[in-house]
Amino acid sequence: MDNVTHSLTGALAATLLQRPSASTSERRTLLWLLVVSANLPDLDVVLQLFTDRLTYIIHHRGITHSLLFAPVFALVPALVFFSAGKFKRFGVLWSAALVGIVVHILFDLITPFGTMIVAPLSQKRFALDWMFIIDPVVTLLLALPFVARIWAIRRQAMLFRVAGALLILYLAAGALAHHLALQKVESVARSASVRVLASSALPQPLSIFSWNGLIQTPRGVHRMFFSPFDDTVRVQEFKNEKGKLVDAVLHEQVVQRYLSFARHPWISLSRNEEGGVVEIQDLQFSVDERVLARFGLPAWQPPFRLQLVYAPDGTLTRALFDGKQIPR
């Protein structure tokens, strides 16, 4: 999820955890501690200052997003607030920081990017695939009680409960929609009679009723954009290029690193007088242009593309990730 949403989850957690008899100072301390802690796992963004973007993407949502590491990680904000503030109950500060970090991890877990929740024991990425990484409905439901507080709207406690209930219902609807969408993808895979290496149903922006269905096969990727309630689904096949150049690419270390992250890679090849360019895209980041057009949004530029540029003699000259040169 985005950091605005993470901040709101932290603020909501602070409201739910505060004791009725807590002083104003304690309430303020816990509020800011939980808001900070609910954003802290994204501290791994600083990796971009010291390394290339591919390395950052591979390690994003790694150890800082691990449920196993969270109790240790929570010591950092707890110690800072204990040292700098007047509230000196360290156990309460640590518990609150842990809640903020865990809530962040759980809200990231419902999105498709993948979260290494058991790092460092395993680098496997887990994803429930219920919601797109930015979901305005989730953000709005989290924000409503705080807007009511700012405007001094009456019955704020009731609004908190209503917003919480609606949020739970919306998350449940996303989970159900994902279940139906995945069933449809698996049904298409069975009818296509192909050897399935992996299949996914991934949410599209701005709607839990628009999905990107992907089927990985030895030949490439089958992709479909659909609603779980569609009677028909149009499937587009993306075949992997074959040949000596592509075979050589697959042995490159940078490609192995990329494939350790990609869920549904597709390999294409283009040639010119200067040699050839092998490009690998992760089709999990595809977006249906019809969804964008419906909301008046510009065309989608697929992120996280790896390009390897070869000379006519087959020598690798450079590697590019999202158009920027990276170490080979």
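All values derive from a computational prediction rather than experimental measurement.

Novice: So what about the pairing of strand β5 (residues 265-272)? Which residues, and what values?
Specialist: As paired elements, β5 and strand β6 (residues 275-282) share eight bridges and run antiparallel to each other. By the bridge assignment for β6, Ile 267 is matched with Ile 280.

Novice: Could you give an account of helix α6 (residues 90-109), with specific residues and numbers?
Specialist: With 20 residues, α6 should reach 28 Å at 1.5 Å per residue; the first-to-last C-alpha distance of 28 Å fits that figure. Every buried residue of α6 is listed here: Leu 93, Ala 96, Ala 97, Leu 98, Gly 100, Ile 101, Val 103, His 104, Ile 105, Phe 107, Asp 108 and Leu 109.

Novice: An account of helix α1 (residues 3-17) is requested, with residue identities and associated values reported.
Specialist: With 15 residues, α1 ought to run about 21 Å at 1.5 Å a step, and its terminal C-alpha atoms sit 21 Å apart, in line with that. Of the positions making up α1, those classed as buried are Thr 5, His 6, Leu 8, Thr 9, Gly 10, Ala 11, Leu 12, Ala 13 and Ala 14. The residue sitting at the N-terminus of α1 and contributing the capping side-chain oxygen is Asp 2; that oxygen lies 3.2 Å from the backbone nitrogen of Val 4.

Novice: Explain the side chain of Asp 282 to me, using residue names and the numbers behind them.
Specialist: As for its position among the elements, Asp 282 is in strand β6. An unpaired buried charge is present at Asp 282: no salt bridge exists, and Arg 263, the closest side chain of opposite charge, is 6.8 Å distant. Excluding residues within four positions of it along the chain, Asp 282 makes contact with Tyr 258, Phe 261, Ala 262, Arg 263, His 264, Pro 265 and Phe 304.

Novice: Give a description of the environment of Leu 144 that names residues and reports values.
Specialist: Along the chain, Leu 144 turns up in helix α7 (residues 136-150). On a C-alpha basis, the gap between Leu 144 and Val 194 in space is 47 Å, while along the polypeptide they are 50 residues apart.

Novice: Tell me about the nonpolar core, residues and numbers included.
Specialist: Among the nonpolar cores identified, the biggest contains 25 residues, and Leu 306, Leu 308 and Phe 321 are the most heavily contacted of them. The set of elements that each furnish at least two residues to this core consists of α3 (53-59), α9 (244-249), α10 (253-259), β6, β7 (306-310) and β8 (316-321). Considering every element that reaches this core, the biggest residue donor is α3, with four residues. Beyond its immediate chain neighbours, meaning those up to four positions away, Phe 321 contacts Arg 53, Leu 54, Ile 57, Tyr 258, Phe 304, Arg 305, Leu 306 and Ile 326. The next biggest cluster of nonpolar side chains, apart from the first, holds 20 residues, and it includes Leu 30, Leu 34, Ala 97 and Ile 101.

Novice: Please give an account of the pattern of salt bridges that cites residues and values.
Specialist: Following the criterion strictly, the structure yields six salt bridges and no others. Across the pair Asp 129 and Arg 263 runs a salt bridge whose closest N-O atoms are separated by 3.0 Å. In this pair, Asp 129 is assigned in the loop between α6 and α7 and Arg 263 in the loop between α10 and β5, connecting sequence segments 134 residues apart. With a relative accessible area of 26%, Arg 263 lands in the partly exposed category. The partner of Glu 237 in a salt bridge is Arg 219, with the nearest N and O atoms 3.9 Å apart. Taken as a pair, Glu 237 in strand β4 (residues 235-239) and Arg 219 in the loop between β2 (207-217) and β3 (220-226) lie far apart in primary sequence, 18 residues in all. With a relative accessible area of 33%, Glu 237 lands in the partly exposed category.

Novice: Would you mind going over the sheet that holds strand β1 (residues 198-204) in detail, with residue names and values included?
Specialist: On the basis of which strands lie adjacent, the open sheet formed by four strands has the order β1-β2-β3-β4 and antiparallel pairing. Every interior strand has two partners, whereas the edge strands, β1 and β4, have only one. Sheet twist, expressed as the mean angle between neighbouring strand axes with direction ignored, is 20°. Two strands pair when backbone bridges link them, and β3 and β4 are joined in this way by five bridges, in the antiparallel orientation. Its bridge partner being in β4, Gly 220 is matched across the sheet by Lys 239.

Novice: Tell me about the sheet that holds β7, residues and numbers included.
Specialist: Read across the sheet, five strands follow the order β5-β6-β7-β8-β9 without closing on themselves; strand pairing throughout is antiparallel. Here the strands that pair on one side only, and so sit at the sheet edges, are β5 and β9 (324-326). When strand polarity is set aside, the average angle formed by the axes of neighbouring strands in this sheet is 25°.

Novice: How would you sum up the pairing of β8? Please name residues and give values.
Specialist: Alignment of β7 against β8, held across five bridges, turns out to be antiparallel. If you follow Tyr 310 over to β8, its bridge partner there is Leu 316. In this structure, the hairpin formed by β7 and β8 is closed by a connection of five residues, where Gly 314 is found at a positive phi of approximately 90°.

Rules behind the numbers
- Position numbers for residues start from 1 in each chain and track the written sequence from start to end.
- Per-residue local features of the predicted model are confined to residues with pLDDT of at least 70, and side-chain atom pairs are confined, for both listing and counting, to 80 or more; whole-chain, interface and lining totals are unaffected and use all residues.
- Note that the side-chain values use all heavy atoms of the structure and ignore hydrogens as well as water.
- One bridge is not enough; two strands pair if DSSP finds at least two bridges between them.
- Helix and strand definitions follow DSSP, with helices as H or I runs of at least four residues and strands as E runs of at least two, each counted in order from the N terminus.
- Every helix has an expected span of 1.5 Å times one less than the residues it contains.
- Only protein chains enter the accessibility calculation, which uses a 1.4 Å probe. A residue is then buried if its area is under 20% of the maximum for its type, exposed if over 50%, and partly exposed in between.
- Any pair of N or O atoms that falls within 3.5 Å is considered a polar contact. Within protein, one atom must be able to donate a hydrogen and the other to accept it, and sequence-neighbouring residues count only if both atoms are side-chain atoms.
- The charge count includes Lys and Arg as positive and Asp and Glu as negative, but it does not include His or the ends of the chains.
- Salt bridges are defined as contacts in which a side-chain nitrogen from Lys or Arg sits within 4 Å of a carboxyl oxygen from Asp or Glu.
- Pairs of residues are marked as contacts when any of their non-hydrogen atoms sit within 4.5 Å.
- For this analysis, a nonpolar core means a set of buried residues of the types Ala, Val, Leu, Ile, Met, Phe, Trp, Tyr and Cys, connected via side-chain atoms within 4.5 Å.
- Orientation is described by axes fitted as lines to C-alpha atoms, over the contacting stretch for helices, and by angles from 0 to 180 degrees between their N-to-C directions.

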